[in-house]
Amino acid sequence: MIKSIDILNYLSENNFELSTGVPCSYFKELLIELDKSADIQYIASTREDEAVGIACGYFLGKKNCFLIMQNSGLATIGDALTSLAQLYEIPLLIFVSYRGLEPDKTFPEHVIMGNVTEAVLDAYGIPNWNMKGENWRKILDKALERMNEDSSVVCILVEKGVII
Amino acid sequence: MRGEEVIASLKEFISDDTLIVSSNGNVSRQAYNFLPQPQVYLRGSMGLPMSIGLGLALAQPEKQVLVITGDGNFLMGLSSMTTIGNYKPPNLKIIILDNAIYATTGGQETVSSTVDYLKLLEGFGIQHYGSLNSIKSPSKLLEAFEILLTSKQTAVLHINVEEDIENLENIPWQPKEIKNKFMEKI
Ligand SMILES: Cc1ncc(C[n+]2csc(CCOP(=O)(O)OP(=O)(O)O)c2C)c(N)n1
Ligand SMILES: [Mg+2]
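Computed from a predicted model, the values in this text were never measured in an experiment.

Draft legend 1. Geometry of the interface of chain B and chain A. On the side of chain A, 28 residues touch chain B, which itself brings 28 residues to the contact. If you sort the residues of chain B by the area they bury against chain A, Y87, K179 and M183 of chain B come out on top, with a joint share of 23%. Linking chain B to chain A there are one salt bridge. Its salt-bridge partner being E89 of chain A, residue K176 of chain B comes within 3.6 Å of it at the nearest N-O pair. Linking chain B with chain A are eleven residue pairs in polar contact (both at pLDDT 80 or more). Counting only elements with at least two residues in the side of chain B that touches chain A, the list comes to strand 2 (40-41), helix 3 (49-59), helix 5 (80-87) and helix 8 (175-185) of chain B. Residue composition of the side of chain B that touches chain A, by class: 16 nonpolar, nine polar and three charged.

This is the structure we're talking about:
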């Protein structure tokens with residue numbers, strides 16, 4: 001389990017000043033902490049593709065924004081990724097909740113997307129890491145290094161109960 | 001007036017400190033051809049110019065951000081206007097060039113003529129907004145630009161323009177080049 005405040009401190013130390021997205025219950029605690037944060041502002045987007053637009057505009061203005069969304073949102077952002085972020089080589093860090101796994105047995109609405117989540121990311125050519133356990137800082141280090149080196153979109157998958 | 005004439009007459013209002021985001025298709029080609037370069041010329045991401053403008057305005061609060069969008073793009077990204085109405089960055093200005101068609105793809109009708117833009121913009125909580133028919137009142141255009149671009153609040157100007165399906169040449173810059181040139185000027 002990773003404390004929300006620790007993640008936000010890590011992101012703030014890595015020069016993220018803005019965040020945006022659409023909530024998932026897996027990010028409830030993180031969003032409460034973001035609301036209190038003096039270092040990172042959160043913009044409540046109405047759609048995930050809008051959030052990609054905001055983050056790309058923020059980057060073009062020379063600042064860094066990370067994204068928060070449910071894996072269902074991956075289905076919404078296809079064009080924003082391929083014809084904006086990836087096309088213009090804009091680095092983006094996206095936290096995606098990994099719904100549709102075992103704990104979501106009683107949420108059929110997540111199961112189909114859960115089954116294809118990693119295949120979707122692979123198809124877009126988006127490097128992705130499942131962040132859990134003690135070495136989460138190393139995973140984020142690696143993701144940010146890749147993002148900055150390749151000016152690319154990278155994705156962190158977050159399972160239930162991982163961020164508290 | 002045609003959309004490209006409206007864009008061309010914006011020229012005198014654009015300074016080095018104006019950052020323009022132009023929607024995909026004809027609008028960005030017209031911005032490329034008739035306004036000072038470089039700017040953000042969108043090749044795709046239909047519906048997102050307002051969101052990109054919001055992000056840019058938040059990152060660069062000292063600069064004026066001007067989004068120029070077609071009606072098709074505006075309607076596709078409609079929900080992002082609620083976010084803009086909520087956060088209201090004072091340095092964000094939006095011009096909607098409403099030809100009531102998807103000119104870039106051959107002039108198919110959009111449903112834009114159904115919309116009452118003044119009511120819509122008011123409903124979004126936009127503080128400063130106006131609508132102008134450039135076909136009926138072309139002489140009012142420059143004054144409307146002046147009001148929009150000197151506004152101290154988030155402001156939106158809707159402009160009815162003539163249908164015009166003539167396409168300009170594609171923008172020769174590669175997307176990565178657009179990004180690099182734009183970021184160098186900031
Ligand atoms: C998601 C998506 N759907 C469709 C298109 C095809 N397309 C490119 S430009 C355009 C029309 C845009 O209309 P508008 O914003 O009104 O600008 P206009 O062409 O009238 O200048 C369309 C439909 C696209 N690029 N992306
Ligand atoms: Mg149009």
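Now that the structure has been shown, we can carry on.
Draft legend 2. Structural view of the site of ligand 1. With respect to spatial proximity, 15 residues lie near ligand 1, and among them D71, G72, N73, I101 and T104 of chain B are the closest. Near ligand 1, the surrounding residues belong to chains A and B. A distance of 2.9 Å separates an oxygen atom of ligand 1 from a polar side-chain atom of N73 of chain B. Residue I101 of chain B places a main-chain N or O atom 2.8 Å away from an oxygen atom belonging to ligand 1. Here ligand 1 has 590 Å² of accessible area as a free molecule, and 75% of this is covered by the chains. Applying the majority rule of atoms within 2 Å of the grid points places ligand 1 in the largest pocket.

Draft legend 3. Quick peek at the sheet that holds strand 4 (residues 92-97) of chain A. Residues and elements named next belong to chain A. As summarised here, the arrangement of the six strands in space is 2-1-3-4-6-5, forming an open sheet in which the pairing is parallel. Only two strands of the sheet have a single neighbouring strand rather than two, namely strand 2 (41-44) and strand 5 (128-130). With strand direction ignored, the average angle separating the axes of adjacent strands in the sheet is 20°. Sheet analysis places strand 5 next to strand 6 (residues 153-158), joined by three bridges and oriented parallel. Within strand 6, the residue paired with N128 across the bridge is C155. Contacts from helix 3 (residues 48-60) reach strand 1 (16-21), strand 2, strand 3 (64-70) and strand 4, with the element oriented near 170° to strand 3.

Draft legend 4. Focus on the packing of helix 3 of chain A against helix 5 (residues 78-85) of chain A. All names here are of chain A. Between helix 3 and helix 5, the shortest axis-to-axis distance is 8 Å and the interhelical angle comes to 25°. Judged by the inter-axis angle, helix 3 sits roughly parallel to helix 5. The two elements helix 3 and helix 5 cross, and the hand of that crossing is right-handed. Side by side, helix 3 and helix 5 meet where D49, V52, G53 and C56 of the first sit next to A80, L84 and A85 of the second. Looking at the contact of helix 3 with helix 5 residue by residue, the classes come out as five nonpolar, one polar and one charged.

Draft legend 5. Just the packing of aromatic side chains, in detail. All names here are of chain B. Going through the model one piece at a time under the given rule, you end up with eight aromatic pairs over all chains. Here F13 and F145 contribute two aromatic rings whose centre-to-centre distance is 5.6 Å and whose plane-to-plane angle is 75°, an arrangement assigned as edge-to-face. Residue F13 is found in the loop between helix 1 (3-8) and strand 1 (18-22), and its partner F145 is found in helix 7 (residues 141-150); the two are separated by 132 residues along the sequence. As far as burial versus exposure is concerned, F13 and F145 are alike and both buried. With a centroid separation of 5.9 Å and an interplanar angle of 65°, the aromatic rings of Y41 and W173 are classed as edge-to-face.

Draft legend 6. Summary view of the layout of surface pockets. All names here are of chain B. In this structure, the largest pocket encloses a volume near 330 Å³. Taken together, 22 residues form the lining of the largest pocket, with N24, I101, Y102, A103 and T104 sitting closest to its centre. Broken down by secondary-structure element, the contributors of at least two residues to the lining of the largest pocket are helix 2 (26-34), helix 4 (71-76) and strand 5 (101-102). Among the residues forming the lining of the largest pocket, the class breakdown is seven nonpolar, twelve polar and three charged. In this model, the second largest pocket occupies a volume close to 190 Å³. Taken together, 13 residues make up the lining of the second largest pocket; nearest its centre are Y129, G130, A144, I147 and L157.

Cut-offs applied
- Residues numbered from 1 in each chain as written.
- Chains lettered and ligands numbered in written order.
- Predicted model: local features only at pLDDT ≥ 70, side-chain atom pairs only at ≥ 80, totals over all residues.
- Heavy atoms only, no water.
- Contact = heavy atoms within 4.5 Å.
- Buried area = accessible area lost by both parts, 1.4 Å probe.
- Salt bridge = Lys/Arg side-chain N within 4 Å of Asp/Glu carboxyl O.
- Polar contact = N/O pair within 3.5 Å; in protein donor to acceptor, adjacent residues only side chain to side chain.
- Helix = DSSP H or I, 4+ residues; strand = E, 2+ residues; numbered from the N terminus.
- Nonpolar A, V, L, I, M, F, W, Y, C, P; charged D, E, K, R; others polar.
- Near = heavy atom within 4 Å.
- Areas by Shrake-Rupley, 256 points an atom, 1.4 Å probe, with all protein chains shown as cover.
- 1 Å grid on protein atoms, 1.4 Å probe; cavity = no way out; pocket = protein on both sides within 12 Å on 5 of 7 lines; lining within 4 Å.
- Sits in = over half its atoms within 2 Å of the grid points.
- Pairing = 2+ DSSP bridges.
- Axes fitted to C-alpha atoms, helices over the stretch in contact; angles between N-to-C directions.
- Parallel < 35°, antiparallel > 145°, perpendicular 65-115°, else oblique.
- Left-handed = near helix turned anticlockwise from the far one by under 90°.
- Phe/Tyr/Trp six-rings, centres within 6.5 Å; stacked < 30°, edge-to-face > 60°.
- Buried < 20%, exposed > 50% of the residue type's maximum accessible area, 1.4 Å probe, protein only.
- Points joined across faces, edges and corners; volume = space filled by probe spheres on them.

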